[in-house]
Amino acid sequence: MTSAIDISRRTLLTTTAAAGVASLAMPGILRAQAPIIKIGILQPVTGALAYDGQQGQIGAEAAIKAINDAGGIKAMGGAKLQMVFGDARSTPEGGTAEVERMQAEGVAAIVGGFASPICLAASQAAARYDLPYIVDVGVSDAIVSRGLKNTFRFGPGFGTVTKTALDNLTKLNDAAGKPAKTVVLVHEDGLFGSGLAKLMQAELPKRGFEVLDTIAHPTPSRDMSNVALQIRAKNPDLVIPSSYYGEFALLARTMQQQRIRPKGIYAVLNGAASNFRFVKEFQDAAQFVMDCNHWHDPRKPVAEALRKQVEASGKFWTYNIPLNWSCVALLADALERAGSADKAKLTEALAASTFAGHIMPYGPTRFTNGQNEGGAPVNTQVQGADIKVIFPADFADAKAVFPVPA
Amino acid sequence: MNATRAYLPAVALLLLAGLIPVLVAANTVLNFIVFTLIIALAAQGWNLLGGFGGQFSFGHAAFFGTGAYATAILQARYGVNAWAGFAIGIALSAAVGWMIGYLSFRSGLRGSYFALVTLAFAEVFRILANASAFTGGAAGTLVRLDMRPENFQFASRAVFVWIALALVGFVLIMTIAIGRARFGAWLAAVRENEDAARALGVDVLGVKLKAITLSAGVTGAAGALYVQYYLYLDANIAYGAWISVEALIAPIIGGIGTPLGPVIGAVTLHGLGELTKLFAGRIPGIDLVIYGALLVAAIAFAPDGIMGLLRKAQRRKDADKATDQNVTEGTL
Amino acid sequence: MFAPDIILAAVLNGLMTGSVYALIALGLTLVYGVLHIINFAHGATLTAAMFAVYVAHTVFRLDPYLALVIVTPLFFGLGYGLQRFVIGPASHGEDRNILLVTLGLSILIENAMLAMFRSDTRSIDVPYAFSSIDLGFTFLALPRVLAFGVALLVALLLGLLLTRTDTGKAIRAVAKEKTGAALAGIDVAHIYAVTFGLGAACVAIAACLLMPTFYVTPRAGNAFVLVAFTIVVLGGMGSIPGALIGALFIGVVESLCGLFFGESLGQIGIFLIFILVLLVKPTGLFGARA
């Protein structure tokens, strides 16, 4: 069985070597330099969630590079961060196996997970070793309600996202003179879509909207014609879709084909509405689609610079990138304050964190039971070839176009 | 073959495997072993029906998921003790096995038709579990982390290895016993030629039903074990096609219809998976490309599974020995 | 309750979706009818074909309908080669081994696509993607109407090929009685490979018809396979008209179930029909004796 241990060590070597963090490219220099802190980056880069995982990885790698280029962790003698990458293979057990491996490699903390099931299982596995775990996206509120001391979520959960989405929708509608009264909810039938739809169904009537219908669809869906038909039959003022990229792109295209034009499409945590690929490839279908989602803070130059850098490399900008970038930066800040990679000290430093150097529009972090209280989504709208922030007003870079001109 | 010779290799192997957690402290390895054993157990269940009984199921997820959901829901929703939940989970999956078996065997479904109907049942379960509030819907069911033995949760991964090993060992010995019993002979008869078996007075439907019930119970136990280990479950984990495929592929690779086949198959496949991760490198998917290629190569060069390969090697060795003897005798 | 025009529109949608299912099911049923195996790599083959269409469009600026002329023979060749040089030799004539080989191939193909194209959702933009025919009560997307026509045509041509040509007769002979066909001088290995090639060609055509309105990811093909299984069983394994009518029927059922029970639960409708057919009349609507 020693060979198995050997394998994992070699896996580390191949992954880190292949990871090619630019600043660590030359092993000769590496040896001569300051100590190294290993951090685990867990993302599903194969299987059903591979796209999101790969996007998340881009953000994490960029952050590690930025931190190392800026002199590493100064409180620890300029220690460099070294990525131990793990492919969660889009399954909880894949995530767990990688956590075990990362623990064996001696990582100081783990960042990532993306999907809620992976985050749930992986943070639990990390909890066995009191290994700090920072959730990048995973919006299920079960993640931070289990009383796990090691688990921190930087971004907002379901509850916060839905509440913000509803508040902003009400404001938007009021400002436009209440053109929207009726709603059809479209959601994917997984953890994320169903959870949101349930909350929406309960909350929308309280705010004066009538929910005409709730349509669930599986992921992947082969055809959205029927969903479009049902929307047409109900003829709502507003369509609220919560789906992954492929299905929403399909729905938006089908609605365009069928000439279904509600007064607004107001997506929540949508996979496509805040994705530049969608905007670029289907500009007509994407026009004026609003989304309430994770988004970077456009006021921060670091965020915009990162976006340019990502786009220059031919990749599309998605929220996974700034979220993971920020999570790694948050970890680096905690390392700086703890002055050590000791798990207990690091956990303590994370819990006490008031970190403002991230690139999300959250303000300084405040953790309560592992949840960053400042984490909140923003509202974006596709306008022309760009995605603009329309809410909150203090850093919006465009005005909302609602109702959509006929 | 006498009883000692039949059971000895299996028991020796189990005892050896039981030593691993004592010798290896690395949790990475123990975690790998537990997951592999869960798959092995699910595969042992499949092998009882598919290997010994010749009824290929593509839907063992139906049993895995039922065992898993029952264990999880009983704990999370009704506060039932985890060990009791585990037992009830096994019983319920056995019941589901009997039901699916009754419906499909009574209609005379065999071969690809049986395979497809099991697949469809598993899919129906998956969709229902994903939509119904009872199973937690798409949000899944979470078992509270509370590491105490009475909760079937252990701080040490080693204990889990032993429990999984005990279950795999129990089924292994049960399988060997079945192979030596009259029931095993009936199963073989049904597998080889159903009509002939019936003509000989074998209660074909009864034998098949017994096999599928037992098979479902064993695979259900694997599901229940999964939940106790990972403490989280959703419809795609429980009733997804992945586990149906895992349960079927391990025995075929290891040696279909042999007691040790599923275990050896699961260890080989997952060992192979770990091995190919070495080649993962920067590009996601490369390791799985190699895995797929190795799988095809394995079938090309070991068509009867690893047990078949071992048997062949044994025979060749015996033959060599025989030739050696001849030569020696000749020179004398 | 829905207005009659909505229901009619749903039926038309179902027919058009069903026609694409038909092409995928035709490939599956043909391979099943002759080789008596379930081809697990069918979904991955579809994905590969969709990527081929995507590459043809983005790199060579080829319209997906024009690409049909190139991709279809290409996939016939690939399918032929795969069966002749990989699946056939590797499986030693054992059904369960063929199953595993195709499973291994599907893992290989899917992840090769992942490694090559990454997991991005890709689609192609054609000028006629949003053209539609106005029927007054609904709009029919032009690409889907075209898909419907082509699918019917392909089914007809496949039927003619099987009944009117020497190769077709050989395929049917091998399907019925392998040993007898071999004795009559038919090269069984060749016929197997031709059948597999035809299956892959059907999938390639389906890919060309899908791409103007659908998207492709390394796992896109999987979504179509399970439903294709259902159709093959419903129509009777190995039956060409069965697959066609079964596919149109399933398309309509899926569409109506989706309308009345929601898209997610609507899928159950398909599987319940599937189970019922299997339990009551396992030979399907058009199948020969099992």
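These numbers were taken from a predicted model, which means no experiment stands behind them.

A.B. asks: Is there a simple way to explain the overall build of chain A in this structure?
C.D. replies: Of regular secondary structure, chain A possesses 14 helices and 14 strands. Expected size for 406 residues packed as a compact globule is a radius of gyration near 22 Å; at 22 Å, chain A falls within 12% of this value. Expressed as lengths along the three principal axes of its C-alpha atoms, the size of chain A is roughly 65 × 45 × 40 Å. Pairs at least 24 apart in sequence give 69% of the contacts found in chain A among residues at least 6 apart. Taken as a whole, chain A presents about 13,500 Å² of accessible surface, with 55% of it coming from carbon and sulfur. Side chains of chain A give 40 positive and 36 negative charges; the mean places of these two sets differ by 2 Å.

A.B. asks: Would you take a moment to explain the overall build of chain B for this structure?
C.D. replies: Scanning chain B from terminus to terminus reveals 14 helices and 2 strands. The C-alpha atoms of chain B give a radius of gyration of 21 Å, which matches the 20 Å a tight globule of 332 residues would have. Taking the principal axes of its C-alpha atoms as reference, chain B extends roughly 80 × 55 × 40 Å. Classification of the 332 residues of chain B by burial places 58% in the buried group. Contacts in chain B between residues far apart in sequence, at least 24 positions, make up 78% of those at least 6 positions apart. Approximately 13,200 Å² of chain B is accessible, and the part contributed by carbon and sulfur atoms is 67%. Looking at chain B, you have 22 positive and 16 negative side-chain charges, and the mean spots of the two groups are 4 Å apart.

A.B. asks: What exactly am I supposed to notice about helix H4 (residues 92-105) of chain A here?
C.D. replies: Turn by turn, an α-helix covers 3.6 residues, leaving residues three or four places apart pointing in a common direction. Helix length check: H4 of chain A (14 residues) gives 20 Å between terminal C-alpha atoms against 20 Å at 1.5 Å per residue, within 8%. Looking one or two residues past H4 of chain A, Gly106 of chain A carries a phi angle of roughly 85°, positive in sign.

A.B. asks: How should the packing of helix H11 (residues 241-254) of chain B against helix H12 (residues 261-277) of chain B be read in this particular structure?
C.D. replies: To characterise two packed helices, one gives the angle between the axes of the helices and the distance between these axes. Residue and element names in this part refer to chain B. For the pair H11 and H12, interaxial distance at closest approach is 7 Å and the crossing angle is 105°. Comparing the axis directions of H11 and H12 gives the class roughly perpendicular. On H12, the residues that touch Glu246, Ile249, Ala250, Pro251, Ile253 and Gly254 of H11 are Gly261, Pro262, Gly265, Ala266, Leu269 and His270. By residue class, the composition of the contact of H11 with H12 is 7 nonpolar, 4 polar and 1 charged.

A.B. asks: Sorry if this is basic, but what is going on with the environment of Ser19 of chain C here?
C.D. replies: Residues and elements named next belong to chain C. Note that Ser19 resides in helix H1 (residues 4-35). Exposure remark for Ser19: the relative accessible area of 0% places this residue in the buried category. Measuring from C-alpha to C-alpha, the distance between Ser19 and Gly149 comes to 8.3 Å, with 130 residues separating the pair along the chain. A distance of 2.6 Å separates a polar atom in the side chain of Ser19 from the backbone oxygen of Met16.

A.B. asks: In this structure, what is going on with the interface of chain A and chain B? I would like to understand it.
C.D. replies: In many reports, interface size means the accessible area that the parts give up when they come together. Taken together, the 36 residues of chain A in the interface contact 35 residues of chain B. Counting each side, the surface lost to burial between chain A and chain B is near 3,100 Å², with a carbon and sulfur contribution of 61%. Counting every contact that joins chain A to chain B gives 2 salt bridges. With a closest N to O distance of 2.1 Å, Arg157 of chain B and Glu100 of chain A form a salt bridge.

A.B. asks: When you look at the pairing of strand S6 (residues 182-188) of chain A in this model, what are you seeing that I'm missing?
C.D. replies: Regular strands place their side chains on alternate faces of the sheet. All names here are of chain A. Summarising burial for S6: 7 of the 7 residues are buried, a large majority. Of the two faces of S6, both are covered, the one formed by Thr182, Val184, Val186 and Glu188 as well as the one formed by Val183, Leu185 and His187. Bridge count for S6 against strand S8 (residues 238-242) is 5 bridges, and the pairing is parallel. Residue Val186 lies in a different strand from S8, and its bridge partner there is Pro241.

A.B. asks: What am I meant to see in the packing of aromatic side chains here?
C.D. replies: How two aromatic rings sit relative to each other is given by the distance of their centres and the angle of their planes. Residues and elements named next belong to chain B. All told, the structure shown has 31 aromatic pairs over all chains when counted by the stated rule. Pairing Phe86 with Phe152 gives two aromatic rings, centres 4.9 Å apart and planes at 40°, and the pair type is tilted. Note that Phe86 is positioned in helix H4 (residues 82-106) and Phe152 in the loop between strand S1 (141-142) and helix H6 (157-180), a separation of 66 residues in sequence. Side by side, Phe86 and Phe152 carry an identical accessibility label, which is buried.

A.B. asks: Just checking my understanding: could you explain the confidence of the model for chain B for this structure?
C.D. replies: The predicted coordinates of low-pLDDT regions are not to be read in fine detail. All names here are of chain B. For chain B, the mean per-residue pLDDT works out to 88, and 95% of the residues sit at or above 70. Here residues 327-332 is a poorly scored stretch, pLDDT under 50, and it has 0 contacts once near neighbours within four places are set aside; other chains count. Reported confidences for the modelled complex are a pTM of 0.86 and an ipTM of 0.86.

A.B. asks: Mind showing me how you'd approach the side chain of Asp52 of chain A here?
C.D. replies: Residues and elements named next belong to chain A. By the element assignment, Asp52 lies in helix H3 (residues 50-69). Despite its burial, Asp52 pairs with no opposite charge; the closest candidate is Arg277, at 11 Å N-O. Apart from residues lying up to four places away in sequence, Asp52 is in contact with Gln43, Phe114 and Asn320.

A.B. asks: What should I look at first to understand H6 of chain B in this one?
C.D. replies: Compared with an ideal rise of 1.5 Å per residue, which puts 24 residues at 34 Å, H6 of chain B spans 35 Å between its outermost C-alpha atoms and is within 8% of the ideal. With a side-chain oxygen positioned 3.0 Å from the backbone nitrogen of Ala158 of chain B, the residue opening H6 of chain B is Ser156 of chain B.

A.B. asks: I tried to follow the pairing of strand S1 (residues 36-43) of chain A on my own but got confused; where do I start?
C.D. replies: Residue and element names in this part refer to chain A. With 6 of its 8 residues buried, S1 lies for the most part within the structure. Of the pairings in the sheet, the one linking S1 to strand S2 (residues 80-87) comprises 8 bridges and is parallel in character. In the strand pairing of S2, Gly40 is matched with Val84. Of the crossover connections in this fold, the one passing from S1 over H3 to the parallel S2 is right-handed. Pairing of S1 with strand S3 (residues 110-112) involves 3 bridges; the strand directions are parallel. Across the sheet, the residue bridging to Ile41 is Val111, located in S3.

A.B. asks: Could you clarify how one ought to interpret the interface of chain C and chain B in this entry?
C.D. replies: On the chain B side, the residues contacting the 38 residues of chain C number 40 residues. Summed over both sides, the interface between chain C and chain B buries roughly 3,400 Å², with carbon and sulfur atoms accounting for 83% of that surface. Applying the counting criterion to the chain C and chain B interface returns 0 salt bridges. For the pair chain C and chain B, the number of links is 2 residue pairs in polar contact (both at pLDDT 80 or more). For the side of chain C that touches chain B, the secondary-structure elements that each account for two or more residues are helix H3 (64-91), helix H4 (95-117), helix H9 (222-235) and helix H11 (263-280) of chain C. Tallying contributions element by element places H4 of chain C first for the side of chain C that touches chain B, with 14 residues. Residue classes in the side of chain C that touches chain B are distributed as 29 nonpolar, 7 polar and 2 charged.

A.B. asks: Teacher, can you tell me more about unusual backbone geometry here?
C.D. replies: With the exception of glycine, most residues fall at negative phi, and the peptide bonds are largely trans. Residue and element names in this part refer to chain A. A cis amide bond links Phe391 with the next residue in sequence, Pro392, at an omega value of -10°. Following the sequence through the fold, Pro392 ends up in the segment after strand S14 (386-391). The backbone of Asn235 shows a phi angle near 45°, a positive value even though the residue is not glycine. Within the fold, Asn235 resides in the loop between helix H8 (225-234) and S8. Judged by its relative accessible area of 60%, Asn235 is exposed.

A.B. asks: Hey, could you run me through the pattern of salt bridges in this one?
C.D. replies: Between side chains of opposite charge, a pair can form as their charged atoms come close. All names here are of chain A. One pass over the full model with this rule turns up 34 salt bridges over all chains. In this structure, the salt-bridge partner of Asp297 is Arg299, at a minimum N-O distance of 2.8 Å. Here Arg307 makes a salt bridge to Glu304, at a shortest N to O gap of 4.0 Å. Residue Arg307 and its partner Glu304 are located together in helix H12 (residues 301-312), separated by 3 residues, close to a single helical turn. With a relative accessible area of 13%, Arg307 lands in the buried category. When salt bridges that share partners are traced, they join Glu304, Arg307, Glu311, Asp386 and Lys388 into one network.

A.B. asks: Explain the environment of Asn47 of chain B here, please?
C.D. replies: Looking at where Asn47 of chain B falls in the secondary structure, it is placed in helix H2 (residues 27-52). Distance in space between the C-alpha atoms of Asn47 of chain B and Met307 of chain B is 14 Å, their sequence separation being 260 residues.

Each value, and the rule that gives it
Residues numbered from 1 in each chain as written. Chains lettered and ligands numbered in written order. Predicted model: local features only at pLDDT ≥ 70, side-chain atom pairs only at ≥ 80, totals over all residues. Heavy atoms only, no water. Helix = DSSP H or I, 4+ residues; strand = E, 2+ residues; numbered from the N terminus. Rg over C-alpha atoms; globule rule 2.2 N^0.38 Å. Contact = heavy atoms within 4.5 Å. Areas by Shrake-Rupley, 256 points an atom, 1.4 Å probe, with all protein chains shown as cover. Lys, Arg positive; Asp, Glu negative; His and termini not counted. Charge placed at Lys NZ, Arg CZ, Asp CG, Glu CD. Buried < 20%, exposed > 50% of the residue type's maximum accessible area, 1.4 Å probe, protein only. Expected span 1.5 Å × (residues − 1). Axes fitted to C-alpha atoms, helices over the stretch in contact; angles between N-to-C directions. Parallel < 35°, antiparallel > 145°, perpendicular 65-115°, else oblique. Nonpolar A, V, L, I, M, F, W, Y, C, P; charged D, E, K, R; others polar. Polar contact = N/O pair within 3.5 Å; in protein donor to acceptor, adjacent residues only side chain to side chain. Buried area = accessible area lost by both parts, 1.4 Å probe. Salt bridge = Lys/Arg side-chain N within 4 Å of Asp/Glu carboxyl O. Pairing = 2+ DSSP bridges. Phe/Tyr/Trp six-rings, centres within 6.5 Å; stacked < 30°, edge-to-face > 60°. pLDDT = per-residue confidence, 0-100. Right-handed = clockwise from strand over helix to strand, strands pointing away.

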